[in-house]
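Here are the chains, one letter per residue:
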Amino acid sequence: MSDMKDILVTTIERIYKKHVTKEVVDVVETGGWASAVWGILTDSEIVNVALAEEHGGAGGDITDLLGLYHITGKYAVPIPVIEATLANLILQQCGGKPTANNATIHLQKGVQIKGGQATAIVANVPWARHVEELVTVAEIDNQLAIIHVSLQDADITLQQNLASEPRDTVVLKQAQILQQYPITAQKWQLFTCWHTAAKNAQMVGAIDRVFELTVRYTKEREQFGRPLHRFQLVQQHIAHLAGEQAMASAAFENMSAALLKGTALDEVAYTTICLDEAIRTVTASAHQVHAAVGVTHEHRLHQYTRRLWAWREEGFTASYWKKERANALLTATEEDFWTYLTSTK
Amino acid sequence: MKLPVVQFTEEQHQFRATVRQFLQQQQAQGTYTTKCDSWLSGSNPAFSKRIGEQGWIGITWPKKYGGAECSALDRYILIEEFLAAGAPVAAHWIADRQTGPLLLRYGTEEQKQTFLPEIIKGTCYFAIGLSEPNSGSDLASISTRAEKVAGGWLVNGSKTWTSNAHDAHYMITLVRTEPFDGTAKHKGLSQLIIDLHAEGVTIKPIRYLTGKPHFNEIFFDNVFVPDNRVVGGLGNGWEQGLAELAFERSGPERILSTLPLLQELIKELKAQQNEVALQEVASLVARLWSLRNLSIGVAQVLAQGGEVAVPAALVKSIGTKFEQSIPEIARLLTATFPRLDAERALDRYMAEAILHGPGFTIRGGTTEVLYGIVAKGVVANE
């Protein structure tokens, strides 16, 4: 971990702690906008951390961003900071110019380009209603390209995911293309890995928070004259939570380290698949331990558990990566599986 | 807790390749047959001697006792290869993993000089005497006694579930050297090195689910143990034993006991070009990958003297459940007919994995005990 990442994470956590209360998240979930925290982040230029100095950034790398995403997930921060920063990182990686306006990102294939204009119905675009531009993938003459389009004339239908986060349907009708860059298959792979890693970071953050909330609750809540954590069956839940949290955290750290060196296809895939299992266990145990209060809107737990249930279905999911891994196992040239597994570590 | 991310060096990858090649040669020569759970149930003194000749026992120990002063991660790689190959390393396993580090930390110079070089040669094996007929998970309630006599101690009592005692020369035995005090039962316990061929020692093998004896009952009838066979401080046995547990619980043997089955399953599914089944296998592989990272991270912290009781308990509790899950998933993905004497490797590994499986989550601390340790540790730290 770089020194810069430590400072960055500490700084941002302080901002989030102060400005992202349960009420702020509630407001965004009912269609509002968290202008205060968004203003602070964009004014402070934290959002440019991974951009090159020539683009006004701090010359950081993908793992600096992953540190930011982890803490963003941990506080259920209701702003498109992940989307905006990732969109710019990808534009920069394509050799393009990051945008000073706010952009969101969406990497599901389907946009068609004709006559230099983009036409498509793009579903589940995160935060589209709140931003000016979209970075997405398109097929031009059978080649993949990253395109950067304006949402100015797009039709946007308001939709939301299970956590009431904006996931809008965007209709692009001959939209003006601001930038476009053909990409190789390798680059596409890199972008799918970055996109997945970003979501993984966010999910690990939320898992950490659910774990913390639950352990704290077992210490505060008493029944039959003693705190919940003194009951063996509750201890079993704590152990399950701690186990999945430790697995998720180790996966995340190893994935991040691998991304510093390259595409990290294996590590991103394994982490995503692990998190899928972690989410199942963590959300179930956390709700069971919290019991009735945990399923009320009043309590904060659902702001994390609903996000985990929503995020695991978005972008490149565990089932996408399982298929990718099955294919990797099928085509591996190593003489056996163990040789294959240990070739990367 | 945050564990370090470990990257193996080029030399370490090379070392892995060397070990792998040796094991492949030995297998090709018919020295051993791959088995699941071979680190505990695959006792083969002749093979252990060969490993000793390679210089691969006690590789982290000081050179003056015959060790190679390699790093803990070098040892991690070495034993991972033993496990992946399903090689019969059980005879020397406990001495290499536990007895050596225990003696290096608490033993006298005479004990180190007597035992370590012999262990390194692959000719001196140790068992661990902990459980008793009335003391399983409640270990501190043990009642085997050692009474002070001239020049040593007289031991009476019994131990049970002691793996490989029938092949071992000595046993690190937890005994009560002071009268039992119900209010402080962890006190007054000591570790003695008992010669298993001494007068008064009786070893009775217990047949396991496989029908084979791999653990034992051991009876002590006025067994004399000289003073110089007390390990560390008198009455300090509980603390010394606890220190060993992190080594015992966090290693790759808590993850890879059924790896030969997973390997064979993947080989079979690849031959079938069964992509759908391999997607299910991908879940196992992802979990294995993450568990390895966790376990290697713990090994690194341990090597630096850090406190890892909770993550070590986590590795064992999750890892052993993972080991158990492999046959359960394998049988849903392809047809098997588990039999210990089957010709087809997949059927044989299935039988071994199923029959050894229940032991994984019991030996070395039951999952229930581990959950208690984890929960208490987590609650105390939060």
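Residues numbered from 1 in each chain as written. Chains lettered and ligands numbered in written order. Predicted model: local features only at pLDDT ≥ 70, side-chain atom pairs only at ≥ 80, totals over all residues. Heavy atoms only, no water.

**A short note on the overall build of chain A**
As a reminder of what qualifies: For helices the rule is a DSSP run of H or I covering at least 4 residues; for strands it is a run of E covering at least 2, with both sets numbered from the N terminus onward. When we talk radius of gyration, it's over C-alpha atoms, and the globule rule is simply 2.2 Å times the number of residues to the 0.38. Summary of the burial criterion: residues with accessible area below 20% of their type's maximum are buried, those above 50% are exposed, and those between are partly exposed, where the area comes from a 1.4 Å probe applied to protein chains only. This count recognises Lys and Arg as positive and Asp and Glu as negative, with His and chain-terminal groups excluded. Every charge is mapped to an atom, namely NZ of Lys, CZ of Arg, CG of Asp or CD of Glu.
In terms of regular secondary structure, chain A is built from 11 helices and 8 strands. Relative to the 2.2 N^0.38 estimate, which gives 20 Å for 345 residues, the radius of gyration of chain A is 21 Å and therefore close to what a compact globule would have. Dimensions of chain A, computed from the C-alpha atoms along their principal axes, are close to 75 × 55 × 40 Å. Taken over 345 residues, chain A has a buried fraction of 62%. Positive and negative side-chain charges in chain A, numbering 30 and 38 respectively, have mean positions lying 6 Å apart.

**Some points on the domain arrangement of chain A**
All names here are of chain A. Rules: Where each domain begins and ends follows an automated or database-derived domain assignment. Residue contacts are defined here by distance: any two heavy atoms, one from each residue, within 4.5 Å place the two residues in contact. Throughout, the accessible surface (probe 1.4 Å) given up by two parts as they are put together, summed over both, is called the buried area. Think of a salt bridge as a Lys or Arg side-chain nitrogen and an Asp or Glu carboxyl oxygen that are within 4 Å of each other. Each polar contact in these results corresponds to two N or O atoms within 3.5 Å; when the atoms are within protein, one needs to be able to donate a hydrogen and the other to accept it, and residues that are neighboring in sequence are counted only if both atoms are side-chain atoms. Note that Gly is not counted as nonpolar here; it falls among the polar residues with everything else outside the nonpolar set of Ala, Val, Leu, Ile, Met, Phe, Trp, Tyr, Cys and Pro and the charged set of Asp, Glu, Lys and Arg.
Per the domain assignment, the segments making up chain A are domain 1 (1-79), domain 2 (102-183) and domain 3 (187-342). Opposite the 8 residues of domain 1 that make contact, domain 2 presents 6 residues. Buried area between domain 1 and domain 2, both sides added, is near 580 Å², and the carbon and sulfur share of it is 57%. Of all residues in domain 1, Glu29, Trp33 and Trp38 give up the largest surface area on contact with domain 2, accounting jointly for 59% of the area buried on that side. At the surface where domain 1 touches domain 2, the tally comes to 0 salt bridges. The tally of links between domain 1 and domain 2 comes to 0 residue pairs in polar contact (both at pLDDT 80 or more). At the level of elements, α2 (22-29) and α3 (35-44) are the ones that each hand at least two residues to the side of domain 1 that touches domain 2. In the side of domain 1 that touches domain 2, the residues fall into 5 nonpolar, 2 polar and 1 charged.

**Digging into the confidence of the model for chain B**
Under the convention used in this document: Scored between 0 and 100, pLDDT is the confidence that the predictor attaches to each residue.
Of the residues in chain B, 100% reach a pLDDT of 70 or more, and the chain-wide mean stands at 96. This complex was scored by the predictor with a pTM of 0.96 and an ipTM of 0.95.

**A closer look at the pairing of strand β2 (residues 145-149) of chain B**
Residue and element names in this part refer to chain B. Rules: Two strands qualify as a pair provided DSSP detects at least 2 bridges between them.
Looking at chain direction, β2 and strand β3 (residues 152-163) are connected through 5 bridges and run antiparallel. Directly across from Ala146, in β3, lies its bridge partner Val155. The hairpin formed by β2 and β3 contains 2 residues between the paired strands, and Gly151 there has a positive phi angle of roughly 80 degrees.

**With respect to the domain arrangement of chain B**
Quoted interface sizes are often the accessible area lost when the parts come together. Residue and element names in this part refer to chain B. Split into domains, chain B comes out as domain 1 (10-124), domain 2 (128-236) and domain 3 (251-381). Each of domain 2 and domain 3 was reduced to a C-alpha centroid, and the two centroids are 30 Å apart. In this assembly, 4 residues from domain 2 lie in contact with 7 residues from domain 3. Carbon and sulfur atoms supply 63% of the area buried between domain 2 and domain 3, which totals about 500 Å² over both sides. Considering only the surface of domain 2 that becomes buried against domain 3, Tyr208, Leu209 and Thr210 emerge as the three largest contributors, covering 70% of it. Taken together, domain 2 and domain 3 are joined by 0 salt bridges. The residue makeup of the side of domain 2 that touches domain 3, split by class, is 2 nonpolar, 2 polar and no charged.

**Concerning the pattern of salt bridges**
A full pass over the atoms with the stated rule returns 36 salt bridges over all chains. Residues Glu212 of chain A and Lys74 of chain A are paired through a salt bridge, measuring 3.1 Å at the closest nitrogen-oxygen approach. Taken together, the residues Glu212 of chain A in helix α6 (residues 185-220) and Lys74 of chain A in helix α4 (residues 62-74) connect sequence positions 138 residues apart. Ionic pairing is found between Asp347 of chain B and Arg344 of chain B, a salt bridge with its closest N-O pair at 2.9 Å. Residue Arg344 of chain B is classed as partly exposed on the basis of its relative accessible area of 31%.

**Some points on the side chain of His299 of chain A**
Here His299 of chain A is to be found in the loop between α8 (265-294) and α9 (301-311). Residue classification places His299 of chain A among the buried positions, given a relative accessible area of 18%.

**Things to note about the layout of surface pockets**
Stated formally: Within this scheme a cavity is a closed region of a 1 Å grid, computed over the protein atoms alone, that accommodates a 1.4 Å probe without allowing it to escape, whereas a pocket is open but has protein on both sides within 12 Å along at least five of seven lines; lining residues each have an atom within 4 Å of a point. Grid points are joined across faces, edges and corners, and a volume is the space filled by probe spheres set on the points.
In this structure, the second largest pocket occupies an estimated 810 Å³ of space. What lines the second largest pocket is a set of 34 residues, and nearest its centre among them are Asp208, Gln245 and Ser249 of chain A together with Met1 and Lys2 of chain B. Residue assignment for the lining of the second largest pocket shows that the elements contributing at least two residues are α1 (3-19), α4, α6 and α7 (232-259) of chain A together with α9 (275-303), α10 (309-333) and α12 (367-381) of chain B. If you tally residues by element for the lining of the second largest pocket, the top one is α7 of chain A, at 8 residues. Residue classes in the lining of the second largest pocket are distributed as 17 nonpolar, 9 polar and 8 charged.

**Points about the side chain of Gln179 of chain A**
Residues and elements named next belong to chain A. As for its position among the elements, Gln179 is in strand β6 (residues 167-182). At 2.3 Å, the side chain of Gln179 forms a polar contact with the side chain of Tyr181. Discounting chain neighbours no more than four positions away, the residues touching Gln179 are Leu91, Gly96, Lys97, Ile146, Ile147 and His148.

**Here's the deal with unusual backbone geometry**
Residues and elements named next belong to chain A. Phi is positive for Asn142, which is not a glycine, with a value near 65 degrees. Mapping Asn142 onto the fold places it in the loop between β3 (133-140) and β4 (143-150). Asn142 sits in the exposed class, given a relative accessible area of 79%. Although it is not a glycine, Ser164 sits at a positive phi angle of roughly 60 degrees.

**Observations regarding the nonpolar core**
The following threshold applies: The term nonpolar core refers to a set of buried residues drawn from Ala, Val, Leu, Ile, Met, Phe, Trp, Tyr and Cys, joined through side-chain atoms within 4.5 Å.
Of all hydrophobic cores here, the largest spans 196 residues; its most connected members are Tyr16 and Phe337 of chain A together with Leu262 and Val281 of chain B. Looking at which element gives the most residues to this core, the answer is α6 of chain A, with 17 residues. For Tyr16 of chain A, the residues in contact, after removing those within four places along its chain, are Val37, Leu41, Leu68, Ile71, Thr72, Tyr75, Val77 and Val81 of chain A.

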